[in-house]
Amino acid sequence: RVELPNGILLYGPPGCGKTFIARKLAEVLRFSFLEVTPGDIASVYVHGTQGKIAELFTKARQQAPCMIFFDELDAMIPNRGEQSVGHHYASEVNEFLVRLNECGKNQILVIGATNLPDRVDPAARRPGRLDKKIFVGPPDYEARVELLKLYMTDRPQEGIDWHTIGSHLESHTSAEIQFLVNEAARKALGEKRLIFGADILQAARENPPAYTAASIEKMRSI
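Here the structure is a predicted model, which means the values were calculated and not measured. (Residues numbered from 1 in each chain as written. Predicted model: local features only at pLDDT ≥ 70, side-chain atom pairs only at ≥ 80, totals over all residues. Heavy atoms only, no water.)

Caption draft 1: Main features of the nonpolar core. Counting residues in hydrophobic clusters, the biggest one holds 25 residues, and the most contacted among them are Phe57, Ile68, Phe70, Leu73, Phe96 and Val110. Residues in contact with Leu73, not counting those within four places in the same chain, are Leu9, Phe96, Gly112, Ala113, Val120 and Leu130. (Core = buried A, V, L, I, M, F, W, Y, C linked by side-chain atoms within 4.5 Å. Buried < 20%, exposed > 50% of the residue type's maximum accessible area, 1.4 Å probe, protein only. Contact = heavy atoms within 4.5 Å.)

Okay, structure coming up:
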């Protein structure tokens, strides 16, 4: 019998689809889905956040099998070893770790997403907790071509060489590719004409990717 892991950590540059992957995985597994951002569990009261964490896991247990997706996990359970992290986080991180220990047997799968995996408290990344780590990077060549086709669906266009454009968008995230297509569409609309491949390439020249191939590879190896 294969047991459900307690947790999975998805890490990589922003805009690469970590939230999308979590949602689709929940659909495939037929799990109920709870999405949580730092603001959802923040509280102005002493131990207020700790209480909200407990309530969240109780809710997930009631909806089991359930997936809890924590976006920007590094903001919720920051590395307590860093000087910039206040002492008030200790009880909140401890509460999260206690709840995480019990997830597998309660049919709860926790998935955390972060752009900064080294800022997530090391205790959360130990075996039996968020011990499955998956790097989610920018789309490869084939995926870039399919994303271009997807984002250009139902837009007025002419003579677009998907493969040539896709080869020029290395290191661009899916969110950045969508932005480039929108920029090209705005330019064409302003000139009252169809969208050409050259419009997307010009947008790419004016808006280079936020991460280079070298910086992406460095992030992958963390």
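Caption draft 2: Spotlight on the sheet that holds strand 2 (residues 32–36). One open sheet holds the 5 strands; their spatial order is 2-3-4-1-5, and the pairing between them is parallel. The sheet terminates laterally at strand 2 and strand 5 (132–135), the two strands that pair on one side only. Neighbour-to-neighbour, the strand axes of this sheet turn through a mean angle of 20°, independent of strand direction. Each of strand 2, strand 3 (66–70) and strand 4 (108–114) is contacted by helix 3 (residues 48–62), which is oriented at about 150° to strand 3, the strand it contacts most. (Pairing = 2+ DSSP bridges. Helix = DSSP H or I, 4+ residues; strand = E, 2+ residues; numbered from the N terminus. Axes fitted to C-alpha atoms, helices over the stretch in contact; angles between N-to-C directions.)

Caption draft 3: Looking closely at the packing of helix 6 (residues 141–151) against helix 8 (residues 174–190). The geometry of helix 6 relative to helix 8 is characterised by a closest axis approach of 10 Å and an angle of 45° between their N-to-C directions. Viewed along their axes, helix 6 and helix 8 adopt a mutual orientation that is oblique. Considering only the axes of helix 6 and helix 8, their crossing is right-handed. Across from Arg144, Leu147, Leu148 and Tyr151 in helix 6, the residues of helix 8 making contact are Ser174, Ile177, Gln178 and Val181. Looking at the contact of helix 6 with helix 8, its residues break down into 5 nonpolar, 2 polar and 1 charged. (Parallel < 35°, antiparallel > 145°, perpendicular 65-115°, else oblique. Left-handed = near helix turned anticlockwise from the far one by under 90°. Nonpolar A, V, L, I, M, F, W, Y, C, P; charged D, E, K, R; others polar.)

Caption draft 4: Looking closely at the environment of Ala42. Along the chain, the position of Ala42 falls in the loop between helix 2 (38–41) and helix 3. Taking the C-alpha atoms as reference points, Ala42 and Pro208, 166 residues apart in sequence, are found 35 Å from one another. In contact with Ala42, not counting residues within four places along its chain, are Thr49 and Lys52.

Caption draft 5: Examining helix 3 more closely. Taking 1.5 Å of rise per residue, 15 residues should cover 21 Å, and helix 3 covers 21 Å from first to last C-alpha, within 8% of that figure. For helix 3, every residue scored as buried is listed here: Gly48, Thr49, Ile53, Ala54, Leu56, Phe57 and Ala60. (Expected span 1.5 Å × (residues − 1).)

Caption draft 6: Just the packing of helix 8 against helix 9 (residues 197–206), in detail. Running from amino to carboxyl end, helix 8 crosses helix 9 at an angle of 120°, the nearest separation of the two axes being 8 Å. By the angle class used here, helix 8 and helix 9 are oblique. Crossing angle aside, the handedness with which helix 8 passes helix 9 is right-handed. Mapping the contact onto sequence places Leu180, Glu183, Ala184, Lys187 and Ala188 in helix 8 and Asp199, Ile200, Gln202, Ala203 and Ala204 in helix 9. Tallied by class, the residues present in the contact of helix 8 with helix 9 amount to 6 nonpolar, 1 polar and 3 charged.

Caption draft 7: A look at the side chain of Arg129. Its location among the elements puts Arg129 in the loop between strand 4 and strand 5. No salt bridge forms around the buried Arg129; measuring N to O, its nearest opposite-charge neighbour Asp121 is 6.7 Å away. There is a polar contact of 3.0 Å between the side chain of Arg129 and the side chain of Asn101. Setting aside chain neighbours within four positions, we find Arg129 in contact with Asn6, Gly7, Leu97, Leu100, Asn101, Ala123 and Ala124. (Lys, Arg positive; Asp, Glu negative; His and termini not counted. Salt bridge = Lys/Arg side-chain N within 4 Å of Asp/Glu carboxyl O. Polar contact = N/O pair within 3.5 Å; in protein donor to acceptor, adjacent residues only side chain to side chain.)

Caption draft 8: Quick peek at the environment of Leu109. Residue placement: Leu109 occurs in strand 4. Leu109 sits in the buried class, given a relative accessible area of 2%. Once the C-alpha coordinates of Leu109 and Leu73 are considered, the two residues, 36 residues apart in sequence, prove to be 15 Å apart.

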